[in-house]
Structure formats: structure tokens, C-alpha cells
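Next come the chains, spelled out residue by residue.
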Amino acid sequence: MSGSVVLLVTSPRLPAGVLTAEAWDLVRAHPVFTAAATPQSDALVAAGASVSVLTSAFVDTLLTAVSAHGTVVWLAAPDGDEDLARELGLRLAREPGLAALELVYGSWDPPGARLLDVVTVMDRLMHPTHGDAWKRAQTHESLAPFLLEESYELFDAIASGDAPAVREELGDVLLQVVLHARLAEETSDFTIDDVAGDLVAKLIRRNPHVFADTEVGGIDEIIANWEQIKKAEKARGSVVDGVALSQPALALAAKLLQRVARANLDVPLPPPTSLGGRLFADVAASSEDAETALRAAALAYMESVRAAERGR
């Protein structure tokens, strides 16, 4: 066999020039060919590699180069150059004596790499002249109802046990996060990296049993530590400060009762002389999640309505 063609595939989501030691050895020792100049090919040239940009006859040129050099490297485009790989593979299957075909991953996507694609696509959508006019016209306030709607749709998907729907709805919630962060770049002087950085710092800070040497005896201690750290961070004047007032009323009542119980406060409930007072008392007396329970009852009633309509 006369030589080898090495298909070198790299991740477009990593900085140009970030390659494995094996990949660097290949590109320094053998001629490199590619179909277009890219930041990756520029990085190789800057490091002293011999890179040739081809415009046509890719397979024939590569096989001719194999005859002259023994081993050549094809630096794949960000999409992997699947058409060229297929054409080359078919050619070598018909004429196996021409060369061997090898695949080498010079770099690969780390976990979470597709989140970088989300940011890139959002930047394109928010371009001042070539982006999406509707998204550029939005504000945090105008988008807020969509965030609630998408969160409820995710809740429905989780409640139904529909994994594909959960996957899709998680993406819709993520869209809201990324869009809000992108708007903030222009209005509030923070970015998606600031949001992610704050989250990472918070997770590390509030989980010292994982990231430090704090010992815990179980989940109850983990929750207690979290609440204690959170209390020190927020420096709130009341245990009910920070409760989201826009959440549904039953969930709001449950959250208030939870906060009061954790603080070991004895506060009388609203008098049960009104519908609101009676509902509040029911939430306090039940061990169930009131919001979920009422939702389940409403959905069951909805099915009963449909059944009655079918029975007419």
C-alpha cells in the first residue's frame, strides 16, 4: 500500500489551534490540504505547518500527494466534509491499493458545547441590520409572559411523562434565558457569560459538601446548609422577603407557609371568614402540593366535560 490519507476532524466550537498532541504531530510531519482557508488552517500555518488550499479535484489531488509524500492530512471543514469523505472512501474501496484511509479527531466538542451554538444563533438573530426585527423589538417586560407560558408548558410535559416534549420545552425555556441575556447586553450591561458565571459561583458556594470539606449527614442537612448560606447572602429583613409574588395564589400561600415553618415562627392564619381565608387554611392543613392538587382536579374536570360532550 502506497500511503495514507488522514481525515483530520476538529471541533468548530473550540478556539483554533486547540488540538491533541497526535494531531499536532500529524500536521507538523505531513502536508496538509483543505478546501478553504479557516481560522483552524491559519493557526496551523502560523505554527509552521504546510497547508495547501484546494479548489477542485480534491480526491485526485490527495491521491497524487500520497504517491509523493506517503501520508497526507485532509483538514476537514467545520461540517466534517462528509461528501469528500464519502467520495474518497468509495474510490479507495474500488482501488484499495491506492492508499489507506484514517480518521483522526484533532479535537471534539466538550459537554455543553452546543450551548455555544445557541449563543451564536442568538447573536445572528439580534444583529442590528440582518437579524430578526421582532426579537430586537422586545424588552424584558414584553417577554415576561412568554417565560411564564413556556414554564407552564414544560410543567405540563413533565406531568404527562412525555420525555420528547420535556426535551423540546426545556429548549423553549432556554430560549427565553438566552434572549433575555442577549437583550441585557444592550440595555443592562451584563451578558450570558455573566449569568452563567454567577450561577457557577452560586452552585459552588451553596454546595460546600461537594466543592469544599463540609460534612453532611443527609439531605435535610444539605437543605439546611443551603438555606443558611442563602440567608447570609441575601441579608433579608423578613423570612418572606424574596417570595415571588407573581406566582399562582395557591403556590404563593404554600411558599409563605414553608418560609414561616422553616423560621419556626408562630403566626396566625388569615381568618376563615372569606374564600381566601378558607383556601389559605386548606393549604396549611394539607400535606399535598396545593397547586398541583388543584391542577389535577381541574384537568380531571376538563376530561369529564369532554366525556359529557361526547355523550350528548
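Residues numbered from 1 in each chain as written. Predicted model: local features only at pLDDT ≥ 70, side-chain atom pairs only at ≥ 80, totals over all residues. Heavy atoms only, no water.

Caption draft 1: Here's a closer look at the overall build of the chain. For the chain, the count of helices and strands is 14 helices and 5 strands. For a compact globule of 312 residues, the expected C-alpha radius of gyration is about 20 Å, and the chain comes in at 30 Å, more than 25% above that figure. Along the three orthogonal principal directions, the C-alpha set of the chain runs to about 95 × 65 × 45 Å. Here the analysis covers contacts within the chain between residues at least 6 apart in sequence; of these, 59% occur between residues at least 24 apart. Carbon together with sulfur atoms contributes 59% to the accessible area of the chain, which is approximately 19900 Å² in total. Across the chain, the mean location of the 26 positive side-chain charges is 5 Å away from that of the 44 negative side-chain charges. (Helix = DSSP H or I, 4+ residues; strand = E, 2+ residues; numbered from the N terminus. Rg over C-alpha atoms; globule rule 2.2 N^0.38 Å. Contact = heavy atoms within 4.5 Å. Areas by Shrake-Rupley, 256 points an atom, 1.4 Å probe, with all protein chains shown as cover. Lys, Arg positive; Asp, Glu negative; His and termini not counted. Charge placed at Lys NZ, Arg CZ, Asp CG, Glu CD.)

Caption draft 2: Representation of the nonpolar core within the structure. The biggest cluster of nonpolar side chains holds 17 residues, and the ones touching the most others in it are Val5, Phe33, Val72, Trp74 and Leu88. For this core, the elements supplying multiple residues, two or more each, are β1 (4-9), α3 (58-69), β4 (71-75) and α4 (82-94). By residue number, the principal contributor to this core is α3, which donates 5 residues. If we skip the residues at most four places from it in the chain, Val5 touches Leu62, Val66, Val72, Leu88, Ala99, Ala100, Leu101 and Glu102. Ranked by size, the runner-up nonpolar core spans 13 residues in total, among them Leu8, Trp24, Leu44 and Val73. (Core = buried A, V, L, I, M, F, W, Y, C linked by side-chain atoms within 4.5 Å. Buried < 20%, exposed > 50% of the residue type's maximum accessible area, 1.4 Å probe, protein only.)

Caption draft 3: Inspection of a negative patch on the surface at higher detail. There is a patch of like negative charges on the surface, built from Glu185, Asp189, Asp193, Asp194 and Asp198. Tracing the backbone shows Asp193 in helix α9 (residues 192-206). (Patch = residues over 30% accessible without salt bridge, like charges linked within 9 Å, V, L, I, M, F, W, Y side chains within 5 Å. Salt bridge = Lys/Arg side-chain N within 4 Å of Asp/Glu carboxyl O.)

Caption draft 4: Representation of the side chain of Arg259 in the model. Examined against the element boundaries, Arg259 turns out to sit in helix α12 (residues 249-262). Buried and without a salt bridge, Arg259 has Glu227 as its closest oppositely charged side chain, separated by 5.5 Å. Of note is the side chain of Arg259, whose polar atom sits 3.1 Å from the backbone oxygen of Asp241. The residues contacting Arg259, other than those within four sequence positions of it, are Lys230, Arg236, Val239, Val240, Asp241, Gly242 and Val243. (Polar contact = N/O pair within 3.5 Å; in protein donor to acceptor, adjacent residues only side chain to side chain.)

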